[in-house]
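Coordinate inspection notes
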Amino acid sequence: MTERATIERELRLLASLSPAGYFVGLHIRFASPLMTFQTYNRAWIDRYTAQAYAMRDPMTAWGFSTEGVSRWSEVGLPDPFGIMTEAADHGLKFGVQVSCGPIASRTIGSAGRSDREFTETEMQQIANIIRRMHDMTEPPENLTQAQVEALRLIAAGDRHAAAAAKLNISESALKARLTSARQRLMARTTAEAIQRAKDARLL
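1. A short note on the nonpolar core
- Within the largest apolar cluster, 22 residues are counted, with the highest numbers of intra-cluster contacts made by Ile-7, Val-24, Phe-37, Ile-126 and Met-133.
- Residue assignment for this core shows that the elements contributing at least two residues are α1 (3-17), β1 (22-29), β2 (32-38), β4 (94-100) and α6 (120-136).
- If you tally residues by element for this core, the top one is α6, at seven residues.
- Not counting chain neighbours up to four residues away, the residues in contact with Val-24 comprise Leu-14, Met-35, Thr-36, Phe-37, Thr-107, Ile-108, Gly-109, Ile-130 and Met-133.
- Formed by 19 residues, the second largest nonpolar core is a distinct cluster that contains Ala-163, Ala-164, Ala-193 and Ile-194.

2. A word on the pairing of β4
- For β4, the buried fraction is high: six of the seven residues fall into the buried class.
- Relative to β4, strand β3 (residues 68-71) runs antiparallel, the two being bridged by four bridges. Residue pairing in the sheet places Val-69 in a bridge with Val-98 of β4.
- Pairing between β4 and strand β5 (residues 106-113): seven bridges, direction antiparallel. By the bridge assignment for β5, Gly-95 is matched with Gly-112.
- Two successive antiparallel strands, β4 and β5, enclose a turn made up of five residues, where Gly-101 displays a positive phi of approximately 95 degrees.

3. Observations concerning the environment of Ala-146
- You can see Ala-146 is positioned in helix α7 (residues 145-155).
- Counting along the chain gives 140 residues from Ala-146 to Thr-6, while the straight-line C-alpha distance between them is 27 Å.

4. A closer look at helix α10 (residues 190-199)
- Within α10, burial applies to Thr-190, Ala-193, Ile-194, Arg-196 and Ala-197. End-on view of α10: buried residues confined to an arc of 165 degrees, all on one side of the axis.
- Lining the buried residues of α10 we find α1, β2, α7 and α9 (171-185).

5. Observations concerning helix α3 (residues 58-65)
- Those residues of α3 not exposed but buried are Pro-58, Met-59, Thr-60, Trp-62 and Gly-63.
- Its side-chain oxygen at 2.8 Å from the backbone nitrogen of Met-59, Asp-57 defines the N-terminal cap of α3.

6. Description of the layout of surface pockets
- Estimates place the volume of the largest pocket at around 740 Å³.
- Lining the largest pocket are 27 residues, with Phe-23, Tyr-48, Ala-54, Asp-57 and Thr-60 positioned closest to its centre.
- Looking at the lining of the largest pocket, the elements that each hand over two or more residues are β1, β2, α2 (42-50), α3, α5 (83-89) and β5.
- Taken together, the residues that form the lining of the largest pocket break down as 20 nonpolar, six polar and one charged.

7. Focus on empty space enclosed by the protein
- Taken as a whole and judged by the stated rule, the model has one cavity of 30 Å³ or more.
- Its volume calculated, the largest cavity comes out at about 90 Å³.
- Elements that contribute at least two residues to the lining of the largest cavity include exactly β2 and α9.
- A breakdown of the residues in the lining of the largest cavity according to their chemical character gives seven nonpolar, one polar and three charged.

Cut-offs and rules
Numbering of residues begins from 1 in every chain and follows the order in which that chain's sequence is written. Residue-level local features of this predicted model are given only where pLDDT is at least 70; pairs of side-chain atoms are given and counted only at 80 or more, and the full residue set underlies all totals for whole chains, interfaces and linings. The basis for the side-chain values is all heavy atoms of the structure; hydrogens and waters are excluded. Only buried residues count toward a nonpolar core. Its members are Ala, Val, Leu, Ile, Met, Phe, Trp, Tyr and Cys residues joined through side-chain atoms within 4.5 Å. Three labels apply to residues, based on accessible area from a 1.4 Å probe with only protein chains included: buried if under 20% of the type maximum, exposed if over 50%, partly exposed otherwise in between. What counts as a helix is a DSSP run of H or I of at least four residues, what counts as a strand is a run of E of at least two, and both are numbered from the N terminus. Contacts are residue-level and defined by heavy atoms, with any inter-residue pair within 4.5 Å sufficient. Two strands pair if DSSP finds at least two bridges between them. The arc in question is traced by the directions running from the helix axis to the C-beta atoms. For this analysis, a polar contact is any N or O atom pair within 3.5 Å, provided that within protein one partner can donate a hydrogen and the other can accept it, and provided that sequence-adjacent residues contribute only side-chain to side-chain pairs. Grid points spaced at 1 Å and placed over the protein atoms alone form the basis of the search, with a cavity being a set where a 1.4 Å probe fits but cannot get out and a pocket an open set showing protein on both sides within 12 Å along at least five of seven lines. Lining residues have an atom within 4 Å of a point. Grid points are joined across faces, edges and corners, and a volume is the space filled by probe spheres set on the points. Three classes are used: nonpolar for Ala, Val, Leu, Ile, Met, Phe, Trp, Tyr, Cys and Pro, charged for Asp, Glu, Lys and Arg, and polar for all others, with Gly counted as polar.

As structure tokens, this is what we get:
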């Protein structure tokens, strides 16, 4: 099973435990996650984004200050902007927050429901899913020189033929380098691979 398929399987498991949706930000570096997955309702996502709530969310603050798992109701941090009250108005009345990994590459996830608190067993299952996703998406420490050269030329705007000529290789060899870089970075497209490589300071 490919890593992408494994992630999708984990997300299906997470969805089955999160009736009101979930959010996972994997390997947050320099304030931006390398990968994000979320299924909260669109009205709440739009509101949260428009108001820049991520910078003021007590659950996010908890995630950066603590590793572990907790119910939202038990986090105990002040919420001066009333974000959690607004979340409840959008069906997110109960939730669980998960945080794992070093602060320089922290993963933060949450799951919500509208009917009741999560059980201890459900909390542990959700935490395990998010930790597995964190582990399987650990960014590589480096790329090969060939992968870096290929990505840099495409990032600079060269087409495949021109990039291959500059590297004195065939176009098929260039495409093979780009494919291997995408696989290493778990990216669907070359553009996504370039962005992830930049985010991980590999380019």
